[in-house]
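Close look at the chain arrangement
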Amino acid sequence: MTDGGAAVRLLLADDHPVVRAGLRAVLETEPDVTVVAEAATAERAVELAAAGGVDVVLMDLQFGAGMHGSEATAAITARPGAPRVLVLTTYDTDADILAAVEAGAAGYLLKDAPPEELAAAVRTAAAGRSALAPAVAHRLMDRMRTPADALTKRELEVLQLVAEGLSNQQISKRLFLSQATVKSHLVHVYAKLGVDSRTAALAAARERRLIRR
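Quick summary incoming for the structure in this document. Nothing here was measured: the structure is a model prediction, and the numbers come from that model.

Within the secondary structure, His-185 sits in helix α9 (residues 179–193). With residues near it in sequence (within four places) discarded, His-185 still touches Arg-154, Glu-155, Val-158 and Leu-177.

With that settled, the discussion passes to the pattern of salt bridges. Going through the model one piece at a time under the given rule, you end up with 18 salt bridges. Note that Arg-209 and Asp-92 form a salt bridge whose closest N and O atoms lie 3.0 Å from each other. Remark: Asp-92 occurs in the loop between β4 (84–89) and α4 (94–103) and Arg-209 occurs in the segment after α10 (198–207); sequence separation between them is 117 residues. Using a relative accessible area of 36% as the deciding quantity, one classes Arg-209 as partly exposed. A single salt-bridge network, built from bridges that share partners, covers Arg-20, Arg-24, Glu-28 and Glu-38.

Backbone geometry follows two general trends: most residues other than glycine have a negative phi, and most peptide bonds adopt the trans configuration. Here Phe-176, not a glycine, exhibits a phi torsion of approximately 55°, which is positive. Locating Phe-176 in the fold gives a position in the loop between α8 (168–175) and α9. Even without being a glycine, Arg-209 presents a positive backbone phi close to 60°.

Time to look at the packing of α8 against α9. At their nearest, the axes of α8 and α9 sit 8 Å apart, and the two run at 105° to each other. Between α8 and α9, the angle falls in the class roughly perpendicular. Across the interface between the two elements, Asn-168, Gln-169, Ile-171 and Ser-172 from α8 touch Gln-179, Val-182, Lys-183 and Leu-186 from α9. The residue makeup of the contact of α8 with α9, split by class, is three nonpolar, four polar and one charged.

The next thing to look at is the pairing of strand β2 (residues 33–39). One ladder, built from six bridges, connects strand β1 (residues 8–13) with β2; its direction is parallel. By the bridge assignment, Val-8 is partnered in β2 with Val-33. After leaving β1, the chain enters helix α1 (residues 17–27) and then returns to the sheet as β2, a path that is right-handed.

Calculation notes
Residues numbered from 1 in each chain as written. Predicted model: local features only at pLDDT ≥ 70, side-chain atom pairs only at ≥ 80, totals over all residues. Heavy atoms only, no water. Helix = DSSP H or I, 4+ residues; strand = E, 2+ residues; numbered from the N terminus. Contact = heavy atoms within 4.5 Å. Salt bridge = Lys/Arg side-chain N within 4 Å of Asp/Glu carboxyl O. Buried < 20%, exposed > 50% of the residue type's maximum accessible area, 1.4 Å probe, protein only. Axes fitted to C-alpha atoms, helices over the stretch in contact; angles between N-to-C directions. Parallel < 35°, antiparallel > 145°, perpendicular 65-115°, else oblique. Nonpolar A, V, L, I, M, F, W, Y, C, P; charged D, E, K, R; others polar. Pairing = 2+ DSSP bridges. Right-handed = clockwise from strand over helix to strand, strands pointing away.

Dropping the structure here:
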């Protein structure tokens, strides 16, 4: 429950109606959780969160061609008195986790989480505390233990775009960087992964779950 003892008011943001219906069915069995709104796009989630009356936003990361969940998270949490954002996704890569955490997410869960874990995370987020899935917390701890070997958020962004087939020139335009900076990031990526080509870097990054397959 929120500090006032009222039920946690929840906004479900996911582009799949079946997923939203499933989440509503699971969470509304909880006596202290109320689903007050749903959004099929990240843009709509930002609008509804800004309108007030929401304590926690349960946010997917991928919304088709529209705004990304991490972008929506950043837009929501930037406002004073904003609701807490709890990411619920199928992606457990470093690139996705870091983007969400940096955007201000209060927690990060995977969609295979059991219902009781999901409900507990909603309550934890509503109470102002961090709610990370154990596997996600483990990955973040690993990064902290070996910071010299860990790819930075920007390096992961560049590598993810390489994986999507973008050239250095296209990446520079997408991220508003010079081509020289993009090349520099890739040089650092190669060194950290112990590889010497784009193909090898992608293979190594996917194997380590740094980027999406």
